[in-house]
Amino acid sequence: MSDLATERDIVTVPKVELHVHLNGSITEQTASELARRHGADPATALELVDGRYVGHWPDFGGFLNSYLLANSFVRTPEDLELVAAAFARGQAAQHVIYSETIFTALIQVRAGLEPEAMWAALRRGFATVGPETRLALVVDAIRDNGRAEAEATIALVEAADAPVVGLCLTGVEGTEPVERFHVLREAADRLGMGFEVHAGEMGPPESITEALDVLEADRIGHGVAAIHDPRLLDRLIRDQVPLDVCPSSNVSIGLFSSWETHPVTTYWERGVNMTISSDDPPFFGTTLTDELRQLVRVAGLSRDDLGELQRRAARNSFASPEVKAALIAEIDAWAAAG
Ligand code: ADE
Ligand code: ZN
């Protein structure tokens, strides 16, 4: 057996993150600055405890409350630019070379932003880091908000002047019949984009089967419920279905009691085509680097495994073949440097 990846390996590995929400990346510091900007007291308006988000909730609803409070202060293009710039700097500081950032465009439009100003604010925020930190967008529609919102989201993406590489379905599984969202698959095909579906997070294993068979998703967000259905897990392994796994997120909303009881080690050992992401990092008290550190600890990854996990994320991404090749070359160079 090879040696465990070291702390230096974990910090320096060129990282590819496929599942991180821009609306879920707003740190306490950024949220507090925005709250003050709009005349609110951060501690009360954001329900902070000792200046921090609670970080652990009995269920998804508790997390969502905190997330929506932070997002309620993103009201102007300047606010969104601040969020995007803080996110970009955080990714760059972690040696992220490519990230697919899920963005709920309709939250911002509902808050009164003009679409053109919204995309321009994102472009300005992302431009605060160099081109070595490639920041792509995956625009999501929230299931609970129904098909009309999914259609409005598609219209926004069709007119977007922004690096959108995919569409995504998020929200609470089971709130609407999934076939209503097949329009997202059709739009992704029309626009030459990928399509990711959050499934098998809070929902049952059947939700993953529906995401694959009814919605024809290219990639599943989470997919951890497959641990409860051996036949489905066999199918995911056989077909090498890409899963974005976000363990701290799942632990923080009470789906599993700890990293030790989370399915990520079984998935890794069984050869599931999984990658690791941070989902809504400050809300779950984590970062992508922390996720990799924990994974090395519980599943015993070597330096080579860590490099291979990042190559896999590049392959599972919605980037163009040229970008994928460039990402893999950077990871190979890191691996060769030893
Ligand atoms: N939106 C932001 N985070 C989410 C999650 N973990 N599940 C579903 N929708 C989300
Ligand atoms: Zn997510």
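About the thresholds
Residues numbered from 1 in each chain as written. Chains lettered and ligands numbered in written order. Predicted model: local features only at pLDDT ≥ 70, side-chain atom pairs only at ≥ 80, totals over all residues. Helix = DSSP H or I, 4+ residues; strand = E, 2+ residues; numbered from the N terminus. Rg over C-alpha atoms; globule rule 2.2 N^0.38 Å. Buried ≥ 20, exposed ≤ 12 C-beta atoms within 10 Å, placed from the backbone. Pairing = 2+ DSSP bridges. Axes fitted to C-alpha atoms, helices over the stretch in contact; angles between N-to-C directions. Contact = placed C-beta atoms within 7 Å. Core = buried A, V, L, I, M, F, W, Y, C linked by C-beta atoms within 7 Å. Expected span 1.5 Å × (residues − 1). Near = placed C-beta within 6 Å. Nonpolar A, V, L, I, M, F, W, Y, C, P; charged D, E, K, R; others polar. Parallel < 35°, antiparallel > 145°, perpendicular 65-115°, else oblique. Right-handed = clockwise from strand over helix to strand, strands pointing away. Arc of directions from axis to C-beta.

Enquirer: Would you mind going over the overall build of the protein chain with me for this structure?
Expert: Within the protein chain, the secondary structure is distributed over 16 helices and eight strands. Taken over C-alpha atoms, the radius of gyration comes to 19 Å for the protein chain, in line with the 20 Å a tight globule of 338 residues would show. Its C-alpha atoms give the protein chain principal-axis dimensions of about 55 × 45 × 40 Å. Burial statistics for the protein chain: of 338 residues in total, 50% are counted as buried.

Enquirer: Help me out: how do you make sense of the sheet that holds strand E8 (residues 274–276) in this one?
Expert: In a beta sheet, neighbouring strands are held together by backbone hydrogen bonds and run either parallel or antiparallel to one another. Spatial strand order, E1-E2-E3-E4-E5-E6-E7-E8: eight strands in an open sheet with parallel pairing. The sheet terminates laterally at strand E1 (15–21) and E8, the two strands that pair on one side only. In this sheet, adjacent strand axes meet at a mean angle of 25 degrees when their direction is disregarded. As paired elements, strand E5 (residues 194–199) and strand E6 (residues 219–222) share four bridges and run parallel to each other. For Val197, the partnering residue across the bridge sits in E6 and is Ile220. Packing against the sheet, helix H14 (residues 288–299) makes contact with E1, strand E2 (96–103) and E8, and its axis sits at approximately 125 degrees to E8.

Enquirer: Quick question: what am I supposed to make of the nonpolar core here?
Expert: Across soluble globular proteins, nonpolar side chains have a tendency to be buried as a group. In terms of nonpolar packing, the biggest core is built from 96 residues, with Ala84, Val139, Leu167 and Leu184 touching the most fellow members. The element that contributes the greatest number of residues to this core is strand E3 (residues 134–142), accounting for seven residues.

Enquirer: Is there a simple way to think about H14 in this case?
Expert: For the α-helix, the turn length of 3.6 residues means that residues three or four positions removed from each other point alike. Between its terminal C-alpha atoms H14 stretches 16 Å, which fits the 16 Å expected from 12 residues at 1.5 Å a residue. Considered for burial, the residues of H14 that qualify are Leu288, Glu291, Leu292, Gln294, Leu295 and Val296. Within two residues after H14, Gly300 carries a phi angle of roughly 70 degrees, on the positive side.

Enquirer: Please explain the site of ligand 1 as it appears in this structure.
Expert: Taken together, His21, Gly24, Thr170, Gly171, His198, Glu201, Ser249, Asp279 and Asp280 are the residues near ligand 1. Across the shell around ligand 1, the residue classes tally to no nonpolar, six polar and three charged.

Enquirer: How should I be thinking about the packing of helix H15 (residues 303–316) against helix H16 (residues 321–337) in this particular structure?
Expert: For any two helices packed against each other, the geometry is given by the interaxial angle and the distance between the axes. Viewed as axis vectors pointing N to C, H15 and H16 meet at an angle of 175 degrees, and their least axial separation amounts to 9 Å. As the angle between them shows, H15 and H16 are arranged roughly antiparallel. On H16, the residues touching Gly307, Gln310, Arg311, Ala314 and Arg315 of H15 are Lys324, Leu327, Ile328, Ile331, Trp334 and Ala335.

Enquirer: Just checking my understanding: could you explain the pairing of E5 for this structure?
Expert: Remember that side chains alternate between the two faces of the sheet whenever the strand is regular. Of all the six residues making up E5, six are buried; the element is thus mostly covered by neighbouring parts of the structure. Burial along E5 is two-sided: the face carrying Gly194, Glu196 and His198 and the face carrying Phe195, Val197 and Ala199 are both buried. Judged from the four bridges that link them, strand E4 (residues 164–170) and E5 form a sheet pairing that is parallel. Among the inter-strand pairings, Gly166 is bridged to a residue of E5, identified as Gly194. Read as a crossover between parallel neighbours, the route from E4 over helix H9 (residues 182–191) to E5 is right-handed. Taking the sense of rotation as the criterion, the β-α-β connection linking E5, helix H10 (residues 205–213) and E6 turns out right-handed.

Enquirer: Help me understand the environment of Leu327, please; the structure alone is not making it clear to me.
Expert: As for its placement among the helices and strands, Leu327 is situated in helix H16. Leu327 has contacts with Val16, Ile97, Tyr98 and Ala314, leaving out every residue within four places of it along the chain.

Enquirer: It is not clear to me how unusual backbone geometry should be interpreted in this structure. Could you clarify?
Expert: Most peptide bonds take the trans configuration, and most residues that are not glycine carry a negative phi. Positive phi is not limited to glycine here, since Glu216 has a value of about 55 degrees. Of note in the backbone geometry, Asp279 takes a positive phi value of approximately 65 degrees without being a glycine. Note that Asp279 resides in the loop between E8 and H14. Given 30 C-beta atoms within a 10 Å radius, Asp279 is considered buried.

Enquirer: Before we go on, may I ask you to explain H9 in this structure?
Expert: Turning to H9, its buried residues number three or more, namely Leu184, Ala187 and Ala188. Taken down its axis, H9 places every buried residue within 100 degrees of arc, on the same side. Turned more than 90 degrees away from the buried face of H9, the exposed residues are Asp189 and Arg190. The secondary structure elements touched by the buried residues of H9 are E3, helix H8 (146–158), E4 and E5. With its phi angle positive at about 70 degrees, Gly192 sits one or two positions after the end of H9.

Enquirer: Looking at this structure, I do not really get the pairing of E2. What am I missing?
Expert: E2 sits mainly inside the fold: eight of its eight residues count as buried. Here five bridges tie E1 to E2, and the two strands are oriented parallel to one another. Bridge pairing in E2 links Lys15 to Val96. Where E2 and E3 come together, six bridges link them in parallel fashion. Residue pairing for E3: Glu100 is matched across the bridge by Ala136.

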